[in-house]
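Next come the chains, spelled out residue by residue.
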Amino acid sequence: MRLQGKRAFVTAAGQGIGRAIAERFSAEGAYVVATDLKNDLLAGLGTAEAFALDVTDKAALQAAVENAKADILVNCAGFVHAGTIAEATDADFDVAMNLNVRSQFHAMQAALPGMVERGHGSIVNIASVASSIIAAPNRFIYGMSKAAVIGMTKSVAIDYVTKGVRCNCICPGTVESPSLQNRLRAMGDYETARATFIARQPMGRIGTPEEVAALALYLGSDESGFTTGQAHVIDGGWAAG
C-alpha cells in the first residue's frame, strides 16, 4: 500500500474528483479525513473520518486542517462559473475567489506549520487546464481563479522546497462528475453540449475521476519525492493542440 501510515485531508470529497481521491487514498492505506459542504454526500465513503465542512469558513477550515495533522493535503473544493468578462459580476468574482482560491490559501496556511515541524508533507491542489495553461471559451472567472491556484502552488513550492514540503497542482480537462452533468443540462441541449465537450479533447472522450485520483496518489506519495511546484496537466491532449 503506497500510503500506508500517512494521514490525508481531502476537501469536496463527497463526489467527483474529490470522492475518487478519498477512496483511492483510503484503499492505499492512508488515514483519510474526508470533508464536504453536504454531509449526505459523504455517506458510504468508507474513510477514517468524514464530516461536513464549509471551506469558505476560515476558522472552521483551519481548525479542521490543523486537527487532522495531515501528511497530505488535497484541495478539491471549487465551482465553475460560466461566461465572458462582459457577463461577469462582482458577486460571482467574489464567490470564485473565496471558494476556488481563498479556501486553498487558508487550508495550506493551516497545514504548513505542522508539515514543517514533522519534516515532510505533500500538498495537491486541484486547478484546471482552463487557467494560465489554455483559455476555454466562456470561462473568464473560472480561468482566472484556477490560474491563481497555479500561482499559489508554485509560490508555496519554492518557499518550502528546503523544508521537506512539496506542493503541486493537478490541471484536469473535462472530467465526468455530477458538476459536469449539471453544467451540460443547464446549457439546454444536453446531447449537443456533451458532444462539444467531448470534441475538444483530442483523445475523443471525457476523463474519469479515477484517472485524476491516480495522479493525485502519485503526487501525494513518496514516489513523487523529487517533484514540486508543477502544474500537472491531465486533459486528453486538449492543451497539446
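Structure's up top.
Keep in mind that this is a model prediction, so the values were computed, not measured. (Residues numbered from 1 in each chain as written. Predicted model: local features only at pLDDT ≥ 70, side-chain atom pairs only at ≥ 80, totals over all residues. Heavy atoms only, no water.)

**Details of the pairing of strand 6 (residues 165-172)**
Operational definition: Each residue's exposure class comes from its accessible area (1.4 Å probe, protein chains only) as a fraction of the maximum for that residue type: buried when under 20%, exposed when over 50%, partly exposed otherwise. By the criteria applied, helices consist of DSSP H or I runs no shorter than four residues and strands consist of E runs no shorter than two, each listed in order from the N terminus. Here, any two strands with at least 2 DSSP bridges between them count as paired. When the strands point away from the viewer and the path from the first strand over the helix to the second turns clockwise, the crossover is right-handed.
Of all eight residues making up strand 6, eight are buried, and the element is well covered by its neighbours. By the alternation rule, side chains of strand 6 split into V165, C167, C169 and C171 and R166, N168, I170 and P172, which are all buried. Sheet topology places strand 5 (residues 121-126) next to strand 6; six bridges connect them, and they run parallel. Its bridge partner being in strand 6, I123 is matched across the sheet by C167. Between the parallel pair strand 5 and strand 6, the chain is carried across by helix 4 (residues 140-160), and the sense of this crossover is right-handed. Bridge count for strand 6 against strand 7 (residues 231-234) is four bridges, and the pairing is parallel. Residue pairing across strands places C169 opposite A231, the latter belonging to strand 7.

**Side note on the pairing of strand 5**
Counting buried positions along strand 5 gives six out of six residues, so the element sits mostly inside the fold. Both faces of strand 5 are covered, namely the face carrying G121, I123 and N125 and the face carrying S122, V124 and I126. Across four bridges, the pairing between strand 4 (residues 72-75) and strand 5 is parallel. Its bridge partner being in strand 5, V74 is matched across the sheet by V124. The handedness of the strand 4 to strand 5 crossover, carried by helix 3 (residues 90-118), is right-handed.

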